[in-house]
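# Observations on the three-dimensional arrangement
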Amino acid sequence: MTEQMIKGACQAPGLRPVRVAGQAAVGGLLLAGLGWTLRAAWEIRLALAGEPASGPPDQGNGVHRPLDGLENAYHVVTSVANLAALVCAVSFLSWLVRVRDNARTLSGRPPRYAGVWVYLGWIVPVVNFWFPRGLVADAFRASAPGRKVPFTVNLWWGLWLAGTLSGVGLVYKDSTDEVIARAYDEVWPLLASDAALVGAAVAGAFVVRAVTRAQTAAPRPA
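Every chain is numbered on its own, with residues counted from 1 as its sequence reads. Totals for whole chains, interfaces and linings use all residues, but because this is a predicted model, local features are given only for residues with pLDDT of at least 70 and pairs of side-chain atoms are given and counted only at 80 or more. Side-chain descriptors were evaluated using all non-hydrogen atoms of the structure, hydrogens and water having been removed beforehand.

### Notes on the packing of helix α3 (residues 69-107) against helix α5 (residues 131-143)
For clarity, the threshold we go by: For helices, the fitted axis covers only the stretch in contact; all axes are lines through C-alpha atoms, and the angles between them, taken along N-to-C directions, range from 0 to 180 degrees. For the purposes of this entry, the term helix denotes a DSSP run of H or I that reaches at least four residues, the term strand denotes a run of E that reaches at least two, and both are numbered from the N terminus. Any angle from 65 to 115 degrees is called roughly perpendicular, while one under 35 is roughly parallel, one over 145 is roughly antiparallel, and all others are oblique. Helix crossings fall into two classes, left-handed where the near helix is turned counterclockwise from the far one by less than a right angle and right-handed where it is turned clockwise. Any pair of residues with heavy atoms lying within 4.5 Å of one another is described as a contacting pair. Classes in brief: Ala, Val, Leu, Ile, Met, Phe, Trp, Tyr, Cys and Pro nonpolar; Asp, Glu, Lys and Arg charged; the others, Gly included, polar.
Interhelical geometry of α3 versus α5 gives an angle of 40 degrees and a closest axis separation of 8 Å. Considered as vectors, α3 and α5 are oriented oblique to each other. Once α3 is placed against α5, the crossing between them reads as left-handed. Two secondary-structure elements touch here, α3 through Phe 92, Leu 96, Val 99, Arg 100, Ala 103, Leu 106 and Ser 107 and α5 through Leu 135, Val 136, Asp 138, Ala 139, Ala 142 and Ser 143. Tallied by class, residues from the contact of α3 with α5 come to 9 nonpolar, 2 polar and 2 charged.

Next comes the structure, spelled out in structure tokens:
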């Protein structure tokens, strides 16, 4: 019997298994990071190619010119990256629900945040600046009492906020065609946002591993 199977067999009643969910969340995060890396690569290609003589794809007043091959490819890359981000969101939230429930069992205390905030905490204005980080940090503290929250938690959250709130990050107000026009005009803000989100994905993978490891090693409640 492998070490992982032994640990799984020793899982105390009332604690939800988190190892596989953690692996899925890490995979989802890295997949999302790859998606944003591909977006950045295509934005660089657009910037190097330069805007066609016919102007930007969205020419105003509801007029859109036919896209060239590179612009069409960017639409495809954007769709793939968005799908990767969706996979990441589903796997990460599934993991977060489990570690939050386990934190309650391990600490014997009600969680600071109600379960609905696992989902709404990311989208409700103002509270989305700190609730998701708080959920992760509380899960770690309950799993490893007396230990300091890993630096990667703050790094992950700082990069996430930088990437999503910069105006060119995950939550785009502009259409894909308008983003293409930005790449032609000034690509650096786009690349800075992409880099922050890729960094957040990588840091997030370390966060998931740290919290998962803390829960699997935590003393089981009697």
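### Looking at the packing of aromatic side chains
Spelled out, the test is: A pair of aromatic rings is counted whenever rings of Phe, Tyr or Trp (Trp by its six-membered ring) have centres within 6.5 Å, and the orientation is called stacked for planes under 30 degrees apart, edge-to-face for over 60 and tilted otherwise. Here, a charge over a ring is recorded when the distance from Lys NZ or Arg CZ to the ring centre is within 6 Å and its angle to the ring normal is within 35 degrees.
Evaluated as defined, the whole model comprises 10 aromatic pairs. Aromatic side chains Trp 117 and Phe 131 sit 5.0 Å apart centroid to centroid with 85 degrees between the ring planes, which places their arrangement in the edge-to-face category. Remark: Phe 131 occurs in helix α5 and Trp 117 occurs in helix α4 (residues 117-120); sequence separation between them is 14 residues. Here the aromatic rings of Trp 122 and Trp 156 are separated by 6.5 Å at their centres, their planes lie at 65 degrees, and the arrangement is edge-to-face. With Trp 122 in the loop between α4 and α5 and Trp 156 in helix α6 (residues 151-164), the pair connects residues that are 34 residues apart, well separated along the chain. Put simply, the rings of Phe 92, Trp 95, Trp 122, Trp 156, Trp 157 and Trp 160 touch in pairs and so form one group of aromatic residues. Above the ring of Trp 42, the side-chain terminus of Arg 45 is found at 5.1 Å from the ring centroid.

### A short note on the environment of Arg 112
What counts is decided by this rule: In protein, a polar contact requires one atom able to donate a hydrogen and another able to accept it; more generally it is a pair of N or O atoms within 3.5 Å, and residues adjacent in sequence count only if both atoms are side-chain atoms.
Within the element layout of this structure, Arg 112 appears in the loop between α3 and α4. With 12 residues separating them along the chain, Arg 112 and Arg 100 place their C-alpha atoms 10.0 Å apart. Looking at Arg 112, its side chain comes within polar contact range of the side chain of Asp 138, at 2.8 Å.

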